[in-house]
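# Understanding the architecture of this molecule
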Amino acid sequence: MSINTGHGLPFLPGNTFRDVTKSAHHRPQTLSYKNGYALPHRPKVGIGQAPLLSSELTQSEINQFSSQTSALTYGTPHYSPALDVIPAHVAYDKKVLRFYGYFQQEVLHSPQEGYRVRPVVLYYYLEDDSMCIIEPVVENSGIPQGKLIKRQRLPKNDRGDHYHWKDLNVGMDLVVYGTVYRVTHCDSYTQDFMESEGLVLNDPEPTPVDPYIQRRTQAGRSYITPSVFDRLHQFLTMDRKVLRFFALWDHTDSLYGEARPVTIQYYLVDDSVEIREVHEPNSGRDPFPVLLRRQRLPKNIKPACKPFPSCVLEVSPQEVHQYYSPKDFQVGETLQLMGRRFLLYDCDEFTKTYYQKNHPDLELKPKPVVKKTTELHDRHEVPPYNGFGSLEDSLQNCLSLIPEPPKKDLMKMLENDHKVLRYAARMDSQNPQDEGRLFIFSYFLSSDMISIFEKSTRNSGIISGQFLEKTRIPKPGCTVDKPEFYGPADFAIGDTVEVFRHRFVLTDADPYVLNYLESISDQLPSRTLNSLRQRLGVADQEVDPHTDPPSGKDISVHSCCHGDTQRALFNSAV
């Protein structure tokens with residue numbers, strides 16, 4: 001029991017006295033601030049109270065003074081009981097176990113693959129024991145990939161049990177909805193968690209390789225150390241420079257063999273060789289002149305590759321010891337290329353200059369070659385003229401399958417357009433009915449054609465009009481190969497003209513004919529001009545040969561015309 005030391009009485013109710021002089025009844029402060037810091041201090045001892053010594057109070061009692069609150073002011077505090085169990089969604093929040101595996105998908109109706117190996121990732125969420133299966137996406141695979149099974153609790157069996165993290169292990173088969181997933185390994189966090197819970201994981205397994213992907217994987221490339229030869233310099237200096245040799249391909253030792261002329265071209269830009277045949281016209285050979293396409297020709301092959309059959313071996317650059325170079329092509333020598341013999345008998349001027357400049361030690365020895373003379377075939381005989389159409393049109397049918405129109409002299413047509421020479425004639429026939437039949441010959445200078453018009457004779461019984469349309473009339477006795485046609489020099493007064501087995505005698509002519517023929521008298525015989533002058537006499541009015549004569553059926557009357565026949569022809573309109 002505590003004793004009141006101030007009065008010597010026990011500290012009991014009734015033994016203490018109230019200090020009537022006390023005027024401050026507030027609770028003493030235990031905290032104060034000094035230099036900006038909160039510091040505790042001892043409360044003052046009132047009258048009738050024993051002083052509190054620091055040695056008499058423990059630290060817990062001192063802390064109790066500062067932490068006690070008034071129950072009357074703030075009420076009785078309520079303390080929550082301590083929890084013994086932590087929920088799973090709090091303890092395992094954001095904690096996921098990750099396993100790696102694969103499953104095999106069967107492929108039907110494919111000769112290239114029987115199954116596919118598809119890798120997957122299995123996630124196990126500890127907070128709610130749910131799982132999800134995701135397949136990593138492969139670009140351009142053509143297979144729907146990504147999330148195969150969404151997050152859910154996966155059934156373990158038909159009794160309603162679900163997979164737990166204690167059921168998972170490496171190297172096991174996980175059956176989910178009829179698909180067997182093989183678990184191969186896991187990450188480091190999953191391994192640490194399983195071992196902390198007392199589960200021993202099996203050894204990890206490798207994921208098998210898809211056989212189809214493995215078959216399509218390209219083999220690694222093998223690289224060869226490039227040579228020190230500057231290919232770029234060769235391209236820049238030797239581009240479009242070609243050595244051309246004229247040779248004979250000699251294969252007379254074979255059945256029906258012969259020596260064919262060929263051209264060997266050596267391209268300096270890449271040391272390639274091309275051989276082309278020289279086909280003669282009508283040789284009967286196929287129009288494919290390339291005997292050997294452009295390529296590099298191997299000269300020596302490595303000894304290790306010689307026992308292999310050359311007809312099967314595809315020679316690669318690694319198997320060739322040496323290629324053909326310009327030094328191997330010597331004019332005058334026989335060269336063996338791809339098993340064939342070629343006699344180089346000559347070359348062009350550029351090749352000769354190249355060898356004189358770069359290889360002066362090589363001597364070029366051109367050899368004369370006797371060319372095979374081809375037998376002359378019989379010349380094509382043109383069949384005789386059958387009388388249909390003109391000679392030129394009929395000849396075109398014999399020269400080509402699709403005949404073309406004969407060519408015309410355009411300048412002659414332009415200079416002599418509308419210029420016509422007209423003659424009067426009578427028919428020379430043994431038939432008495434043809435006596436008295438009068439005709440007009442019109443010679444067109446632009447095309448050298450002749451048309452014949454028959455004048456009407458009263459009570460003759462013969463229909464007048466056009467007797468022969470415009471055509472070129474050949475002379476009798478000429479051949480189809482060298483035809484000769486009638487011209488102005490052949491029309492002399494009194495001469496007989498044979499037109500397709502009809503004979504006509506020229507009796508008169510238009511004065512324009514005489515004037516035109518006198519302008520070209522140096523090209524005509526004097527007999528033709530003399531006959532015209534004698535028939536027409538001296539004209540009172542000269543006619544300009546450059547003016548167009550009367551054309552069509554209108555024939556004017558000239559004062560120089562004589563004779564009843566001439567007046568009958570020219571005084572009437574035909």
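For the structure itself, consult the block above.
Now for a quick tour of the structure.

Reading the values: the criteria
Residues numbered from 1 in each chain as written. Predicted model: local features only at pLDDT ≥ 70, side-chain atom pairs only at ≥ 80, totals over all residues. Heavy atoms only, no water. Pairing = 2+ DSSP bridges. Helix = DSSP H or I, 4+ residues; strand = E, 2+ residues; numbered from the N terminus. Axes fitted to C-alpha atoms, helices over the stretch in contact; angles between N-to-C directions. Contact = heavy atoms within 4.5 Å. Buried < 20%, exposed > 50% of the residue type's maximum accessible area, 1.4 Å probe, protein only. Phe/Tyr/Trp six-rings, centres within 6.5 Å; stacked < 30°, edge-to-face > 60°. Salt bridge = Lys/Arg side-chain N within 4 Å of Asp/Glu carboxyl O.

Our focus in this paragraph is the sheet that holds strand S21 (residues 449-454). Strand order in the open sheet formed by 6 strands is S22-S21-S20-S19-S24-S23, and the pairing between neighbours is antiparallel. The open sheet is flanked by strand S22 (465-471) and strand S23 (496-499), the only strands paired with a single partner. Each strand of the sheet is rotated relative to its neighbour by a mean of 30°, with strand direction disregarded. Of the strand pairs in this sheet, strand S19 (residues 420-427) and strand S20 (residues 438-444) are connected by 7 bridges, and their pairing is antiparallel. Looking at the pairing, Arg-426 lines up with Leu-438 of S20. The strands touched by helix H10 (residues 511-519) within the sheet are S19 and strand S24 (502-509), with S19 carrying the most contacts at an inclination of about 125°.

Most peptide bonds are trans, and most residues other than glycine sit at a negative phi. Phi is positive for Phe-500, which is not a glycine, with a value near 50°. Here Phe-500 lies in the loop between S23 and S24. Residue class for Phe-500 comes out partly exposed when judged on its relative accessible area of 38%. Here the phi dihedral of Arg-501 falls at roughly 70°; this positive angle occurs in a residue that is not glycine. Take Arg-501: it is sitting in the loop between S23 and S24. Here Arg-501 falls in the exposed class, since its relative accessible area comes to 78%.

This brings us to the side chain of Thr-471. Tracing the backbone shows Thr-471 in strand S22. Excluding residues that lie within four positions of it along the chain, Thr-471 makes contacts with Met-449, Ile-450 and Phe-500.

Moving on to the pairing of strand S12 (residues 259-267). Regular strands show a simple pattern: their side chains alternate between the two faces of the sheet. Within S12, 7 of the 9 residues are buried, leaving the element largely enclosed by the surrounding structure. Two elements, strand S11 (residues 242-250) and S12, share 9 bridges in a ladder whose sense is antiparallel. Residue pairing for S12: Trp-249 is matched across the bridge by Arg-260. Here S12 pairs with strand S13 (residues 272-277) via 6 bridges, running antiparallel. In the strand pairing of S13, Tyr-267 is matched with Ser-272. Here S12 hands over to S13 after 4 residues, with Asp-271 in that stretch at a positive phi of 60°.

A separate point is the packing of aromatic side chains. Counted according to the given criterion, the structure contains 17 aromatic pairs. Ring geometry for Phe-245 versus Phe-329: centroids 5.5 Å apart, planes at 20°, classification stacked. Here Phe-329 lies in the loop between strand S16 (320-323) and strand S17 (334-337) and Phe-245 lies in strand S11, a separation of 84 residues in the sequence. Taking relative accessible area as the criterion, Phe-245 reaches 0% and is therefore assigned buried.

A separate point is the sheet that holds strand S10 (residues 179-186). If you walk across this open sheet you meet the 6 strands as S8-S7-S6-S5-S10-S9, and the pairing is antiparallel. Two strands bound the open sheet, and with one partner strand each, they are strand S8 (146-152) and strand S9 (173-176). Shown here is a sheet whose adjacent strand axes are inclined to one another by a mean of 30°, direction ignored. The pairing of strand S5 (residues 96-106) with S10 spans 4 bridges and is classified as antiparallel. Of the residues in S10, the one forming a bridge with Gly-101 is Val-183. Across the sheet, helix H4 (residues 188-196) touches S5 and S10, and the angle it forms with S5 is around 115°.

The next thing to look at is the pattern of salt bridges. Summed over all chains, the structure comprises 26 salt bridges. Between Arg-159 and Asp-161 there is a salt bridge, and its shortest N-O distance comes to 4.0 Å. Looking at Arg-159, the relative accessible area reads 68%, which means it is exposed. When the shortest N-O distance is used, the salt bridge between Arg-422 and Asp-510 registers 2.8 Å.

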